[in-house]
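# Breakdown of the fold
Below are the chains, spelled out letter by letter.
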Amino acid sequence: MVDCLKLIDDANNGRLNDETLEQIIKELQDVKTKRKAESGLSAVEDDIFERGAYLIKEAELSKKLERRNRYKNILVEQKILDLANKADELVENPSLALEALLVGVNSPFEGAQRSVDSLMNSIGGEIFGGLISNLNRKNLLTKFNKMSKDFELQVTRALGNLNTKNPKTDAEAKVTSKDAKAIAEIMFKYQRSALKRENQAGAYIRLKEGRVVRTSHDPGKMTALGKQGWVDYMMETDRLNWSKTANGDLVNADDALKRAFLARSYEAITTGVRIATDRTEVGRAFTGPKNIAKARSESAVFTFKDPDEWYKYNQSFGRGSLRESFVQDLQSSIRSTALMEQLGTNPEAMFERVQKKLLQKHRSDPKKVKDLKREGSIVNFDSMLKEVTGDINIGSHTPLARWMHGYRAVQTMAKLGGAAVSAFSDVAFMASNRMYQGRSLMDAWGDSFNAVFKGMSGKEMRDFADRLGVGFQSQLGDFMSRFNASDDIPGKTSKYLNAFFKLNLLQPWTEANKRGITLMISNDLAREAGKRFDSLPPDMQRLLGLYEIDGKKWEAVRKGVKKGPDGKEYIVPGEIPDQSVRENVFNLLVNEAEFSVPSPGARERAILRQGYRPGTAAGEAIRFVGQFKSFGVLGITKNLGRHTYGTGIKQKREIFSRGLGANAGLVNTVVGTTALGYMVLQAKEVMKGREPRPPDAKTFLAAAMQGGGLGIYGDFLFGQANRFGGGALETAIGPGINTAFDALDLLMRARDQALIGDEDVRGDLVRLIKSNTPLANLFYTQQTLDYMIWYQLQESINPGYLSRMERRIKRENDQEFFIPPSSVVATGGGFR
């Protein structure tokens, strides 16, 4: 060991401080101890000497990375403090800067909407939009989305081959399909693009030879086989490349030590409690707990012998789909990039440090101190941090969480068959947001009614919109998040929900509107590109400022004008040469689409989930209560909130003193959504086969709630039915819990009937089954199914049920059916 230490001292020559030298020496000692335990080799010193030389070779690189990240973190910290000063100057609330940093805020200080959450969306829009656009141009998107087993294996081989220094020929790599190779080349392009962005943000990732994508593990599949079975599988001949697994420390170890390593790995993966892993000297450049740059830069634990073995493992114990694993890997990279860009290489430590500095600065102001601590707030900073870091999803693969996911998914597919009809009131929200962006009242409404048609234009325009980063969420399995912001639904359940939202037409409606609105905003920017920043309309200057686009950056934006397939000019972010400006424009386009067609972000999820993780009693309870609540929360946080605080007011009372003109967007939201809600409400009655409701006060209150203008408060205060058709109790406790209570009540009534013959509950049993059957309430098939199946069942097991139902609806709602069910279905069942 003396020779090894002398080697370190000679090579260092004063370049590394004592602390760094101590870290290296400790690692060498740890390796020595491990090698002795693993193999009992007599030449341990030779192995240590070789590893010591390797460490010193990387020590200089480590020092440069450490210095780079130290400087970067200093700049990030100063930028956050400057943001806090801006928030303090404009609205006298520096805490809004911390919220803006994580999830965005409505107050219009510079950078208020450039959050970690919006950056994840915009970087994802850029990368996935480009990926889908490239696949579309080569007519490969369908094959990418529906890879068969043999074809998927060939894409895996081709991607692994591209990730080598000297790629083999197609024949040597066993790739016979040109389409498989073409798909792999596109995937490789965006895989490397994401990697480059992540390294620029602060990581230092060196991909291993032959890597396909980062290995994913499904704890459910692993625990189903058990620890011993999984270890046996991993120990099969030539499955792992031990020279590259765990930094090669086990390459000469006996089977017992390899099995012990795999057993520890199994426990870490299935429990979420990670063991400390060996790492190269580069890992020493990233210090501190929960250092995201370190976590992303350290080498993966497992390296498979070749792409075929990786594929076999992914089928058996991973996501089971190359496409899903690839998307998950990119999403993970995008998340870490956004976190490091906004919060440095150690996000949580940076946030805590800045928060302490602001508390110290404003210690003499009790209100600001209270705001900075978020005392009494509806959502705290810890909940927001968990959302943007992804910590909120820890535990999502536990058996309890998976069962609860599935149950809530069934409720979604059973209850939201008419959601596309309800979503018609989105038009009012789009109009209000277009007004905030500077459009007149009439132009804003014209744009909003036209958005869906513009977004549904031909293939060339849809492909053009992909390059703007919007309108392709369903391709990534993320679409259900709009109405299930309180759930993180994995695997097959996600596929079922995607298929359901296509069938109920909500997906095409939402994506078309997002594409259409984004094209309009891009066209707005292009029309003003001939002007300098100080000549732009005030509303546009304010909008640009939210995304940190000032006069200097506007000059770069102006270079991004490109003529679209329809002959109009648009600002296309990909045409902007400056990467930081390009990112800001992507951020603007993607985030404004989320505001225009209300979709939940990290802020809304933090409000709904309060930082509680799945698989826990509190976490599951709050997810049940929060189901379908996202739209009501969105109406407040994004639309009403933007028109309330988006012009820079400091106190709520200022709303009433600034005049009708300044509150036009706010009034438009409430009036517009109520008017459209009334139309939707009556349309739903007609689709149920009933006459429209009478135009009384009760109906208009229900219309305001249906449209979403009153938000979730309208559901509680006035509702007989929420936006999606549920009752007040269902609104309060969520459909899943309400269904459980209904089932329990029916069970109790059935017991009473069996004992004393008090009432016949069979008709209500059919109603309960119907209301919890996926696809049974699709708005365009509901009436046919009712008359052909459900009414028949209810009448056959409880004669006279339909006549009693008609009388009850007449008594309670003063409504009649256009075609009374009892006039079609005979008493006791059958047709008349």
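Scoring rules and cut-offs
- Residues numbered from 1 in each chain as written.
- Predicted model: local features only at pLDDT ≥ 70, side-chain atom pairs only at ≥ 80, totals over all residues.
- Heavy atoms only, no water.
- Helix = DSSP H or I, 4+ residues; strand = E, 2+ residues; numbered from the N terminus.
- Buried < 20%, exposed > 50% of the residue type's maximum accessible area, 1.4 Å probe, protein only.
- Axes fitted to C-alpha atoms, helices over the stretch in contact; angles between N-to-C directions.
- Parallel < 35°, antiparallel > 145°, perpendicular 65-115°, else oblique.
- Contact = heavy atoms within 4.5 Å.
- Nonpolar A, V, L, I, M, F, W, Y, C, P; charged D, E, K, R; others polar.
- Expected span 1.5 Å × (residues − 1).
- Arc of directions from axis to C-beta.
- Patch = residues over 30% accessible without salt bridge, like charges linked within 9 Å, V, L, I, M, F, W, Y side chains within 5 Å.
- Areas by Shrake-Rupley, 256 points an atom, 1.4 Å probe, with all protein chains shown as cover.
- Salt bridge = Lys/Arg side-chain N within 4 Å of Asp/Glu carboxyl O.
- Lys, Arg positive; Asp, Glu negative; His and termini not counted.
- Charge placed at Lys NZ, Arg CZ, Asp CG, Glu CD.
- Phe/Tyr/Trp six-rings, centres within 6.5 Å; stacked < 30°, edge-to-face > 60°.
- Lys NZ or Arg CZ within 6 Å of the ring centre and 35° of its normal.
- pLDDT = per-residue confidence, 0-100.
- Core = buried A, V, L, I, M, F, W, Y, C linked by side-chain atoms within 4.5 Å.

When you go through the protein chain residue by residue, the secondary structure sums to 40 helices and 2 strands. Within the span of the protein chain, comprising 832 residues, buried residues form 56% of the whole.

We now examine the packing of helix 21 (residues 441-455) against helix 24 (residues 506-527). As a packed pair, helix 21 and helix 24 sit with axes 7 Å apart at the nearest point and diverge in direction by 110 degrees. In terms of orientation, helix 21 and helix 24 fall into the roughly perpendicular class. In contact with Asp447, Ser448, Asn450, Ala451, Val452, Lys454 and Gly455 of helix 21, helix 24 contributes Trp509, Ala512, Asn513, Arg515, Gly516, Ile517, Leu519 and Met520. Partitioned by chemical class, the residues of the contact of helix 21 with helix 24 number 7 nonpolar, 5 polar and 3 charged.

What follows is about helix 39 (residues 801-813). Counted at 1.5 Å a residue, the expected span for helix 39 with its 13 residues is 18 Å, and the 18 Å between its end C-alpha atoms agrees. Taken residue by residue, helix 39 has Tyr801, Leu802, Met805, Glu806 and Ile809 as its buried positions. Down the axis of helix 39, the buried side of the element spans an arc of 135 degrees, and every buried residue falls inside it. Along helix 39, the residues that are exposed and aim more than 90 degrees away from the buried face are Arg807 and Arg811.

What follows covers a positive patch on the surface. Positive charge collects at one region of the surface, where Arg804, Arg807, Arg808 and Arg811 lie side by side. As for its placement among the helices and strands, Arg808 is situated in helix 39.

What follows covers the pattern of salt bridges. Scanning the entire structure with this criterion turns up 47 salt bridges. With a shortest N-O distance of 3.9 Å, Arg605 and Asp117 are connected by a salt bridge. Pair noted here: Arg605 is in helix 28 (residues 602-609) and Asp117 is in helix 5 (residues 116-137), with a separation of 488 residues, a long-range link. Overall, the relative accessible area of 8% leaves Asp117 in the buried class. Where Arg434 meets Asp447, a salt bridge forms, and the shortest distance between an N and an O atom there is 2.9 Å. Linking Arg434 in helix 20 (residues 426-436) with Asp447 in helix 21, this pair joins segments that are 13 residues apart in sequence. As far as burial versus exposure is concerned, Arg434 and Asp447 are alike and both buried. One continuous salt-bridge network, built from bridges that share partners, spans Lys79, Arg114, Glu126, Arg197, Glu341, Glu548, Arg582 and Glu583.

Take helix 5 next. Spacing of three or four residues puts side chains on the same side of an α-helix, whose turn is 3.6 residues. Taking 1.5 Å of rise per residue, 22 residues should cover 32 Å, and helix 5 covers 31 Å from first to last C-alpha, within 8% of that figure. The buried count for helix 5 comes to 20 of 22 residues, which makes it a mostly enclosed element. Immediately beyond the C-terminal end of helix 5, within one or two residues, lies Asn139, with a positive phi of roughly 55 degrees.

Right, let's talk about the packing of aromatic side chains for a bit. On inspection of all chains with the given rule, the structure shows 16 aromatic pairs. Centroid distance Phe351 to Phe381: 5.3 Å. Interplanar angle 65 degrees. Geometry classified as edge-to-face. In this pair, Phe351 is assigned in helix 15 (residues 347-361) and Phe381 in helix 17 (residues 381-389), connecting sequence segments 30 residues apart. Each member of the pair Phe351 and Phe381 is classed as buried. A network of ring pairs unites the aromatic residues Tyr233, Phe304, Tyr313 and Phe317 as a single cluster. Over the ring of Tyr233 we find Arg239; its NZ or CZ atom is 3.7 Å from the centre of that ring. Its end group placed over the ring of Phe595, Arg642 keeps NZ or CZ at 3.9 Å from the ring centre.

Mean pLDDT over the protein chain stands at 81; residues scoring 70 or higher make up 82%. Low pLDDT (under 50) marks residues 11-16, which in the prediction has 8 contacts with non-local residues, meaning those over four places away or in another chain. Below pLDDT 50 for its whole length, residues 35-56 participates in 44 contacts with residues either more than four positions away or in separate chains.

Turning our eyes to something else, we now look at the nonpolar core. Residues Trp230 and Leu262 are the most contacted members of the largest nonpolar core, which totals 148 residues. Not counting the four nearest positions on each side in its chain, Leu262 is found in contact with Trp230, Val231, Met234, Met235, Leu240, Trp242 and Phe302. Counting residues in each nonpolar core, the second largest holds 8 residues, with Tyr787, Tyr791, Tyr801 and Ile809 among its members.

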